[in-house]
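# Working through the structure, step by step
Listed below are the residues making up each chain.
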Amino acid sequence: MAAPAKGTSRTAQNDVASIKKKGPGALATAYLVIYNVVMTAGWLVIAVGLVRAYLSKGSYHGLYYSIERPLKFFQTGALLEILHCAVGIVPSSVVLTGFQVMSRVFLTWAVTHSVREVQSEDSVLLFVVAWTVTEIIRYSFYTFSLLNHLPYLIKWARYTLFIVLYPMGVTGELLTIYAALPYVQKTGLYSVTLPNKYNFSFDYYTFLILVMVSYIPLFPQLYFHMMRQRKKVLASGEEHQKSN
């Protein structure tokens, strides 16, 4: 599932503290800063592309085609985050990060790219906009945290805007998968039928339905976890400001 809370579940203070105490060395930190700056810039390119296409066309329909290539590139680039966790330069769970990253990569390539009929659906624009705003904020948050200079506005945005962006993105993702189902069933996309020499069968149509069902238990858990994190982070931030 593509969620705005992707990455680490620690508070903003712990994000910065972990970098100071248990974080990467100077070389790894420099690499992470460059990576996050590039990813921030990439998602800004996507945002600008959406705005320019809208102003040019005068309609929000079919805007996906204007940002298809950069979206695929930078969303796939997020796979490096799994490697960062695996080698220990980012103090986050490999399993959690892998799940969150792969869910978006799956939707990008195995659904939206593979079922071209859904690319003109408004639901695609819904999750693309949610992802774009989320990722600009998230990568900016990580960049400033690594530099030990995190503006309160960015911290506030990271732990507040998800309230709208997360349900918005999930709605777009579910509607896009739902729109793809008839085409997948008709074409047998990625399905393997018996008999075959491996004596193995796979129904991609059923798999997509199971993916949609998995949102039911996962979405509330992740959403309310972020609500609890928001309360802790912003409350501690206000206390810090008062003490100063």
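Residues numbered from 1 in each chain as written. Predicted model: local features only at pLDDT ≥ 70, side-chain atom pairs only at ≥ 80, totals over all residues. Heavy atoms only, no water.

## Describing the environment of Phe-144
- Note on placement: Phe-144 falls in helix α6 (residues 122-146).
- Look at Phe-144 and you get partly exposed, because its relative accessible area is 29%.
- Separated by 108 residues in the primary sequence, Phe-144 and Asn-36 place their C-alpha atoms 9.4 Å from one another.
- Dropping the residues within four chain positions of it, Phe-144 is found in contact with His-149, Leu-150, Pro-151 and Ile-154. (Helix = DSSP H or I, 4+ residues; strand = E, 2+ residues; numbered from the N terminus. Buried < 20%, exposed > 50% of the residue type's maximum accessible area, 1.4 Å probe, protein only. Contact = heavy atoms within 4.5 Å.)

## Regarding the UniProt feature "transmembrane region" (unreviewed entry) in the protein chain
- According to UniProt, the positions carrying the feature "transmembrane region" (unreviewed entry) are residues 32-55, 76-99, 159-184 and 204-224.
- Each end of residues 32-55 is marked by a C-alpha atom, and these two atoms are 35 Å apart; helix forms 100% of the span and strand 0%.
- Secondary structure across residues 159-184 divides into 88% helix and 0% strand, with the first and last C-alpha atoms of the span separated by 37 Å. (UniProt positions renumbered as here; feature names shortened; annotations may be inferred.)

## Remarks on the packing of aromatic side chains
- Taken as a whole and assessed by the stated rule, the structure comprises 18 aromatic pairs.
- Taken together, a centroid distance of 6.2 Å and an interplanar angle of 80° make the contact between Tyr-35 and Tyr-139 edge-to-face. Here Tyr-35, found in helix α2 (residues 26-57), pairs with Tyr-139, found in helix α6; they are 104 residues apart in sequence, far enough to count as distant. Of the two residues, Tyr-35 and Tyr-139, neither departs from the other in class, the shared state being buried.
- Between Tyr-166 and Phe-219, the aromatic rings sit 5.0 Å apart at their centres with planes inclined by 70°, giving edge-to-face as the arrangement. One end of the pair, Tyr-166, is in helix α8 (residues 162-187); the other, Phe-219, is in helix α9 (residues 204-243), and 53 residues separate them in sequence.
- Classification of Phe-219 by relative accessible area gives partly exposed; the value is 21%.
- Just above the ring of Phe-141 sits the side chain of Arg-158; from NZ or CZ to the centre is 4.7 Å. (Phe/Tyr/Trp six-rings, centres within 6.5 Å; stacked < 30°, edge-to-face > 60°. Lys NZ or Arg CZ within 6 Å of the ring centre and 35° of its normal.)

## Points about helix α5 (residues 94-113)
- Most pronounced at Phe-106, the bend in α5 amounts to some 30°.
- All buried positions along α5 are accounted for by Thr-97, Gly-98, Gln-100, Val-101, Ser-103, Arg-104, Val-105, Leu-107, Thr-108, Ala-110, Val-111 and Thr-112.
- The opening residue of α5, the one whose side-chain oxygen lies 3.3 Å from the backbone nitrogen of Val-95, is Ser-93. (Bend = angle between axes of the 7 residues up to and from the residue. Polar contact = N/O pair within 3.5 Å; in protein donor to acceptor, adjacent residues only side chain to side chain.)

## Regarding the pattern of salt bridges
- For the structure shown, the criterion picks out four salt bridges.
- Measuring nitrogen to oxygen at the nearest pair gives 2.8 Å for the salt bridge that ties Arg-138 to Glu-135. Separated by three residues within a single helix, Arg-138 and Glu-135 lie in helix α6, roughly one turn from each other. In this pair, the class of Arg-138 matches that of Glu-135, namely buried.
- Through salt bridges with shared partners, one network takes in Glu-81, Arg-104, Glu-135 and Arg-138. (Salt bridge = Lys/Arg side-chain N within 4 Å of Asp/Glu carboxyl O.)

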